[in-house]
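Residues per chain are reported as follows:
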Amino acid sequence: MSDDSKNLNTSVLKDHLAKESPFFQDLISGREAVWINPGWQPFSSVRDRLGLGEAEIRDASERLLRFAPLIRTLFPETEDRSGLIESDLKEIPGMKRVLAREGGPDDGSRLFLKCDNDLPIAGSVKARGGIYEVLKHAETLAFDSGLLSGPEDDYRKLASEKARSFFSRHNVQVGSTGNLGLSIGIMSAALGFRAIVHMSSDAKQWKKDLLRAHGVQVIEYDGDYGKAVAEGRKLAAGDPAAYFVDDENSKDLFLGYATAAERLRKQLTGEGILTDETHPLFVYVPCGVGGAPGGLTFGLKHVFGDHVHVFFAEPTMAPAMLAGLSTGLHHDVSVQDLGLSGVTEADGLAVSRPSGFVGKLIAPLVSGEMTVKDERLLEFIKVLFTSEGLFIEPSAAAGFRCVSSFQSGEVQAYLTRHGLTNLTDRAAHVVWATGGRLVPAAVRKKLLS
Ligand SMILES: *Cc1c(COP(=O)(O)O)cnc(C)c1O
């Protein structure tokens, strides 16, 4: 159990919840559960109360544009998008046919994969939030030190020896189950920072190896991810040259993710998809601590308002955000408090306690959540590989579980309540595939067999 447990009494909590609803019985029994958010509210009624908004998202987007020439210089793989770190949107009709037989939409709607599994540099959705936060920190230091005169300056100066030697006197630290460490570690090292990644000892070996190959210092801890974060936070607090990326509380990470929404809108338009009151958009995102799915949701709501319906997916044994949202306890509840192990093959989602900052902010925005068993994640990645020729890692497949519950009573009731029942033929569904590009060939082979 995490250090900052609020000592909830597990058996009292479980008894209470089990009486509450069949959903809670599924959740605490580790069965696959479907949850429709009773706290959902129209976006117009909450947007002014969120504390962050359009101005902050625009600021983040503009910062990424300023950095694009530098990114292009440091990472030639971003050349075709002129230094923007972005992924394709691919229609996956073969996968749609398979999922229709398992409860997915069996209608004229279109199913797309948002291919963040293939994002350059970090190979996961973390290339959005994690890299953004490192760049923002670098920019702040560069302005303060005079390396850059201001936002109009040529950011390629940050690739100079002078800049690198300046950054080498600073360090960037993060606690991570793997992918966040990869994005922070690789980007920090590329700029010349000393990078330190705190990981739980059960993190995937290849991720630790890859980080060390990039010159990143990896510190391992027994116990879960929460402990690695807590230890990292403590260590960084005592070091004036340190900057700690706080996955559980970071607004910068969150905003980095949020910038994806406007780019997705352009890609959908390119596919002939318009989103309005008669053309709903459904988006399904795997959730760990909540930053990535939360930030994406926040951005999507600002672009599409109530016409977008966002569902999260988490492993049955590590439904941290769902535990927080459904009980209203947010960061004060862990999956262990519900009697669940927190252990899953989906290492990107192996989180026991959700971000309180994100949970509270998105509580009125997210439409619902589904949990998924590890076995099904492995099935999904296999079917995606055979039907579409695409490889994604287990965590990244969780969104397919949401698609396959489209015909469930819970989701159908949601559609009725929102007046969508007759519009499903005109809907677009986007599954956010969140990682996979950096998975070594031997590991891929094992996962697919
Ligand atoms: C980190 C991660 C997520 C979820 O992001 P959170 O910010 O932890 O909620 C989903 N999929 C993959 C592959 C990830 O690495």
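Overview of the structure.

Conventions we followed
Residues numbered from 1 in each chain as written. Predicted model: local features only at pLDDT ≥ 70, side-chain atom pairs only at ≥ 80, totals over all residues. Heavy atoms only, no water. Helix = DSSP H or I, 4+ residues; strand = E, 2+ residues; numbered from the N terminus. Buried < 20%, exposed > 50% of the residue type's maximum accessible area, 1.4 Å probe, protein only. Contact = heavy atoms within 4.5 Å. Areas by Shrake-Rupley, 256 points an atom, 1.4 Å probe, with all protein chains shown as cover. Axes fitted to C-alpha atoms, helices over the stretch in contact; angles between N-to-C directions. Parallel < 35°, antiparallel > 145°, perpendicular 65-115°, else oblique. Nonpolar A, V, L, I, M, F, W, Y, C, P; charged D, E, K, R; others polar. Near = heavy atom within 4 Å. Polar contact = N/O pair within 3.5 Å; in protein donor to acceptor, adjacent residues only side chain to side chain. Pairing = 2+ DSSP bridges.

## Here we look at the overall build of the protein
Logical step 1: What the protein contains, in helices and strands, is 19 helices and eleven strands.
Logical step 2: The principal-axis extent of the C-alpha atoms belonging to the protein is close to 60 × 50 × 50 Å.
Logical step 3: When each of the 449 residues of the protein is scored for burial, the buried share is 60%.
Logical step 4: A separation of at least 24 residues holds for 75% of the contacts in the protein among residues at least 6 apart in sequence.
Logical step 5: Entry remark: accessible area of the protein is about 16,900 Å², with carbon and sulfur atoms responsible for 50%.

## Here we look at the packing of helix α8 (residues 179-191) against helix α9 (residues 205-213)
Logical step 1: It is the contact of α8 with α9, at a shortest axis distance of 10 Å, that shows an interaxial angle of 5°. On the basis of their axis angle, the class for α8 and α9 is roughly parallel. In this structure, α8 contributes Asn179, Gly181, Leu182 and Gly185 to the contact, and α9 contributes Trp206, Lys207, Leu210 and Leu211.
Logical step 2: Of the residues assigned to the contact of α8 with α9, the class counts are four nonpolar, three polar and one charged.

## Overview of the site of the ligand
Logical step 1: What surrounds the ligand is a group of 16 residues, the closest being Lys126, Asn179, Gly288, Gly290 and Thr434.
Logical step 2: Backbone polar atom of Val289 to an oxygen atom of the ligand: 3.0 Å apart, as the coordinates give it.
Logical step 3: Within the side chain of Thr434, one N or O atom sits 2.7 Å away from a nitrogen atom of the ligand.
Logical step 4: For the ligand, the protein covers 98% of the area, taking 380 Å² as the surface of the free molecule.
Logical step 5: In terms of residue count, the dominant contributor to the shell around the ligand is helix α13 (residues 291-304) (three residues).

## Considering the pairing of strand β10 (residues 368-372)
Logical step 1: The element β10 is extensively covered by neighbouring structure, given that five of its five residues are classed as buried.
Logical step 2: Pairing between strand β1 (residues 34-36) and β10: three bridges, direction antiparallel. Note that in β10 the partner of Ile36 across the bridge is Gly368.
Logical step 3: Alignment of strand β9 (residues 308-315) against β10, held across five bridges, turns out to be parallel.

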